[in-house]
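# Descriptive structure summary
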Amino acid sequence: MNPVIPARKIPARNFQYRGKQETDLACEGVSLARLARVYGTPLYVYSATAIRERVQMFNEAFAGVRHALCYSIKANSNLSILRLLAGMGVGFDIVSGGELERARRAAKKSLRRIVFSGVGKTAAEMDAALAADILMFNVESAAEMELLEARARHLRQRAPMALRVNPDVFAETHPYISTGLHEHKFGVAMAEARALYRRAARSKHLLPVGISVHIGSQIQNAAPFGQALQRVRELVADLAAEGIRLQYIDAGGGLGISYKLEEPFDPSTLLERYAHAMRSALGDFDGELLLEPGRFLIAQAGALVAQVLYVKKNGSKTFVVTDAGMNDLIRPALYQAHHAIVPLRRNPKNQATVVDVVGPVCESGDFFARDRAMPELVAGDGVAILDAGAYGMSLSSNYNSRPRAAEVLVDGSRHTLIRRRETMRDLLAAEMLLR
Ligand SMILES: *Cc1c(COP(=O)(O)O)cnc(C)c1O
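Residues numbered from 1 in each chain as written. Predicted model: local features only at pLDDT ≥ 70, side-chain atom pairs only at ≥ 80, totals over all residues. Heavy atoms only, no water.

## A short note on the overall build of the protein
Helix and strand counts for the protein come out as 12 helices and 21 strands. Taking 435 residues into account, the globule formula puts the C-alpha radius of gyration at 22 Å, and the protein, at 23 Å, falls close to it. Here the C-alpha coordinates of the protein stretch approximately 70 × 60 × 40 Å along the principal axes. For the protein, the share of sequence-separated contacts (at least 6 apart) that also reach a separation of at least 24 residues comes to 69%. Counting only carbon and sulfur atoms, one obtains 50% of the accessible surface of the protein, whose full area is about 19100 Å². Measuring between centres, the 55 positive side-chain charges of the protein sit 5 Å from its 45 negative side-chain charges. (Helix = DSSP H or I, 4+ residues; strand = E, 2+ residues; numbered from the N terminus. Rg over C-alpha atoms; globule rule 2.2 N^0.38 Å. Contact = heavy atoms within 4.5 Å. Areas by Shrake-Rupley, 256 points an atom, 1.4 Å probe, with all protein chains shown as cover. Lys, Arg positive; Asp, Glu negative; His and termini not counted. Charge placed at Lys NZ, Arg CZ, Asp CG, Glu CD.)

Okay, here's the thing in C-alpha cells:
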C-alpha cells in the first residue's frame, strides 16, 4: 500500500521536506509555503538545479557521441527557462512562429541551433525561420516541402531541411501522445521519403541536411526508440549510397518520467538504456545526433502549488477543492494523467482519507486526483501537485475567465518571479466592446 504520509525526500525531484521536524516542503532551499505567501497561488515553482542536472545527465549519457540537445519549447516555454537552457548550450525544437520569437528573445545565439517541427507550418512562419537562419526545417509532407522551396526561392535562399519520417513503430503511451504509427498525422512514410529526398537534392532552394523521427511522448521503454532509429539509419545509408549525404539524424524527444511516487524509477537508468539503444542504432554514422527532449528535462523540475479552498462531502465522496484548476494544469483531464499530490506541511499524525482533488472550473473533468488516499487536508492548507513542469503552464488557458498562474524559478536559496500572475486587465486586453 502507498505511504500516505509522504517521505521526507521525494525521489528524483529537488523537492523535499525541510525544517527542524522535516515538515516543510521546499524546492531546493526555499519553502513552498513561503513562496505561496509571497506570490500567491496557484503558483508554478521550478528548480533551476533540477533542470541543469537533467541537461548534464543527457550530455553524460551521450558522451562520445557527437550530439546536440534541442529542447522542445512546447513542454515549457517560459523565457527565463529558455535562457537558462540556452546558457548551457542547448538549442531548441520549435513548432510555431511564436516559439521562434521566444527563442529569439531568450537568446539570439540559439537561433542557429533551432529545428522547426510541426505538420502545419505557414508561409509566414517559414519566412521568419528562413530569415532567422535556423539549423533546419523538419518537413512533414510533400506539400510542405513544395511551399518551403517556394518561400526559399522567393527569399533567394536555400532552406536546410530534414524529412520527418514516420517509422511505423508502436510505442506504448497514451494514444493522444503517440505519433509514430502510419495512422498518425505526423511525418512521411519511409517509402515516400526516398523520392522526396531525391527531389530535394535536385532543388536549387532546398538543402537536405538531415532526417528526423519522433515517435511520441512519455515513453518509458528504450526499445521503440532504438527500432525507429534503426529504420532511419538504414535509410540514411541507402541515401548516402545515392550521393545524398545527411549530416544530422534528429531522434526527436519522447523520453518519459515516473509520475507515480509509488512506482519510482531512476531517470538516469532509463536515460542510459535510451542512449545505449541510440548508439547501437547509429552504428558508424559519422554525422551529428540531435535530441529533442522536452518532458524529461523539465517535468520533474516543476510543481504546481495550490491552496485548499473547501473540503466538501457528497454522500460517500469527499472533494478537496483547490484554487488551481484544469485551466492551470490540464493533463489529468486531457490524458488521464496521474500527478502525485503532497501537502506543503507534513504531519505524521494526520489521518489518511480517500478523496478527489478537484479545481473550481465548471467541468466534471476538472480534477487532479480521483479516489486518492491522501493525508487529511483542511481549508487553507497548501498542496504541491508534482511533476507539473512540462505541459503544465504551456497548456494552460483562461477558461472560465481565470487569470493564468505566476511562475517562480528557484535556484539554491534564491527565488525569482519569471512570469507574473495575470490581471483582469490582461484577461480582457485583446477584446473590443461592441458599440
Ligand atoms: C513534443 C515534441 C518533442 C518533445 O517531446 P517530449 O515527450 O516532451 O520529450 C520533441 N520533438 C517533437 C517533434 C515534438 O513534437
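## Side note on the packing of helix α5 (residues 123-132) against helix α6 (residues 142-154)
For the pair α5 and α6, the least separation of the axes is 10 Å and the interaxial angle reads 55 degrees. On the basis of the axis angle, α5 is oblique to α6. As α5 packs across α6, the resulting crossing turns out to be right-handed. Between α5, through A123, M126, D127 and L130, and α6, the contact on the second element is made entirely by E144, L147, L148, R151 and A152. (Axes fitted to C-alpha atoms, helices over the stretch in contact; angles between N-to-C directions. Parallel < 35°, antiparallel > 145°, perpendicular 65-115°, else oblique. Left-handed = near helix turned anticlockwise from the far one by under 90°.)

## A few points about the pairing of strand β20 (residues 406-411)
Most of β20 is tucked away: five of the six residues are buried. With five bridges joining them, strand β4 (residues 43-47) and β20 adopt parallel strand pairing. Paired with Y44 across the strands is E407, a residue of β20. Pairing geometry for β20 and strand β21 (residues 414-419), over five bridges, is antiparallel. Within β21, the residue paired with V410 across the bridge is H415. Hairpin connection from β20 to β21: two residues lie between these consecutive antiparallel strands, with G412 at a positive phi of about 65 degrees. (Buried < 20%, exposed > 50% of the residue type's maximum accessible area, 1.4 Å probe, protein only. Pairing = 2+ DSSP bridges.)

## Here we look at the domain arrangement of the protein
The domain boundaries assigned to the protein delineate domain 1 (15-47 + 300-428) and domain 2 (117-293). One C-alpha centre belongs to domain 1, the other to domain 2, and the line joining them spans 35 Å. Each partner contributes to the interface: domain 1 provides 12 residues, whereas domain 2 provides 11 residues. Between domain 1 and domain 2 the total buried area reaches about 950 Å² when both faces are included, carbon and sulfur atoms providing 60% of it. Considering only the surface of domain 1 that becomes buried against domain 2, Q300, Y335 and H338 emerge as the three largest contributors, covering 51% of it. Counting across the domain 1 and domain 2 interface gives one residue pair in polar contact (both at pLDDT 80 or more). Element by element, the count of residues in the side of domain 1 that touches domain 2 is highest for helix α11 (residues 331-335), at three residues. Its residues placed into classes, the side of domain 1 that touches domain 2 shows six nonpolar, four polar and two charged. (Domains from an automatic or database assignment. Buried area = accessible area lost by both parts, 1.4 Å probe. Polar contact = N/O pair within 3.5 Å; in protein donor to acceptor, adjacent residues only side chain to side chain. Nonpolar A, V, L, I, M, F, W, Y, C, P; charged D, E, K, R; others polar.)

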